[in-house]
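# Chains, contacts and geometry: an overview
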Amino acid sequence: MAQIIDGKAISAQIKDEVKEEVAKLKEQGCEIALAVIQVGSDPASSVYVRNKKRACEYVGIESVSYEVSEDTTQEELLELVEKCNKDPKIRGILVQLPLPKHMDEDEILLAIDPKKDVDGFHPVSVGNMVIGEDGFLSCTPAGIIQLLKRSNISIEGKECVVVGRSNIVGKPMAMLLLRENGTVTICHSRTKDLKEVCKRADILVVAIGKPKFIDDSYVKDGAVIIDVGIHRNENNKLCGDVDFEKVEPKASAITPVPGGVGPMTIAMLMQNCLESNKLFGEKN
Ligand code: GUN
């Protein structure tokens, strides 16, 4: 029987820690606000944005909501980002992705002041992460490191295989595992013999966006399995990139879907909002 890594409990623990720190800052007269920008009304994005605002409320961070229409122009959104950059009350800026097709996402992310880049997507944040300097860490991969650490799973010296090379998950995940002294391999759609590479993994992180793609034939006995995917199956039930029923008996530890990696992203966003104060905060 594998250890089931409880992302819901660990994220609740982190949010409670953040809440306590935020309360202390408030006593010192320091308020933290997060700007949450959503362009258009994509239903999945609306759910994420609502959950982020709820988490802010829970930990005591003010969320300043900007819900702008689908036909907002690139220039208008750049102006809004600039307004948030200049507002001393706002310590974090989150532009929910994906943006509508007519927009240049990279240009928008680049416009966010790196001091307020709580998503950790700005090239300055990515660069700092790669060279091991202080800065914001991308929330989902940082959350996965916390899941491992708080489940007493050591990374040092382990064979870590990351399946998927997105800028949001795969690439930063590989870097953070490397920072923890793992031996890291990144796999992607052109990887030859994916199964053989996955079977080497002591820690296998799967972020490929294909429901139940990884079954027991990809997994070494006793491996730790982290499933970043989230999908609805034919019965409208949530499932991940990993076939949980097949893989769980072979793993030593595994994240469920839902309740594994998912809740960690928002917890780490709250942590980053708090960090914004420590990293770059002048009193407001
Ligand atoms: N869309 C999907 N995941 C994320 C995320 O972590 N941050 C933002 N801004 N958009 C997303």
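Everything discussed here concerns the structure shown above.
Here goes a summary of the coordinates provided.

What counts and what doesn't
- Residues numbered from 1 in each chain as written.
- Predicted model: local features only at pLDDT ≥ 70, side-chain atom pairs only at ≥ 80, totals over all residues.
- Heavy atoms only, no water.
- Helix = DSSP H or I, 4+ residues; strand = E, 2+ residues; numbered from the N terminus.
- Polar contact = N/O pair within 3.5 Å; in protein donor to acceptor, adjacent residues only side chain to side chain.
- Contact = heavy atoms within 4.5 Å.
- Pairing = 2+ DSSP bridges.
- Axes fitted to C-alpha atoms, helices over the stretch in contact; angles between N-to-C directions.
- Salt bridge = Lys/Arg side-chain N within 4 Å of Asp/Glu carboxyl O.
- Buried < 20%, exposed > 50% of the residue type's maximum accessible area, 1.4 Å probe, protein only.

Moving on: the side chain of Q38. Along the chain, Q38 falls in strand β2 (residues 33-39). A distance of 3.1 Å separates the side chain of Q38 from the side chain of S46, its partner in a polar contact. Aside from chain neighbours lying at most four places away, what touches Q38 is S45, S46, V49, Y66, E67 and V68.

Judged by pairing direction, the sheet is parallel, and its three strands sit side by side in the order β3-β2-β4 without closing on themselves. Edge positions in the sheet fall to β3 (62-68) and β4 (90-95), since each of these pairs with one other strand and no more. Ignoring which end each strand starts from, the neighbouring axes of this sheet average 20° apart. When β2 meets β3, the two strands line up parallel, connected through seven bridges. Bridge pairing links Q38 to E67 in β3. Along the sheet, helix α3 (residues 74-86) contacts β2, β3 and β4; its crossing angle with β2, the most-contacted strand, is approximately 175°.

Take the pattern of salt bridges next. Enumeration over the complete set of coordinates arrives at nine salt bridges. Of the charged contacts, one joins K24 and E21 as a salt bridge, the two residues approaching to 3.3 Å between their closest N and O atoms. Within this pair, K24 and its partner E21 are both found in helix α1 (residues 7-27), separated by three residues, close to a single helical turn. On the basis of relative accessible area, K24 is assigned to the partly exposed category, the value being 41%. Note on E21: relative accessible area 28%, which makes it partly exposed. Close ionic contact of K220 with D202 constitutes a salt bridge, the shortest N to O distance being 2.7 Å. A residue pair is termed long-range when its members are at least 10 positions apart, and K220 in the loop between β7 (203-206) and β8 (224-227) and D202 in the loop between α8 (194-198) and β7 qualify at 18 residues. Its relative accessible area of 31% is what places K220 among the partly exposed residues.

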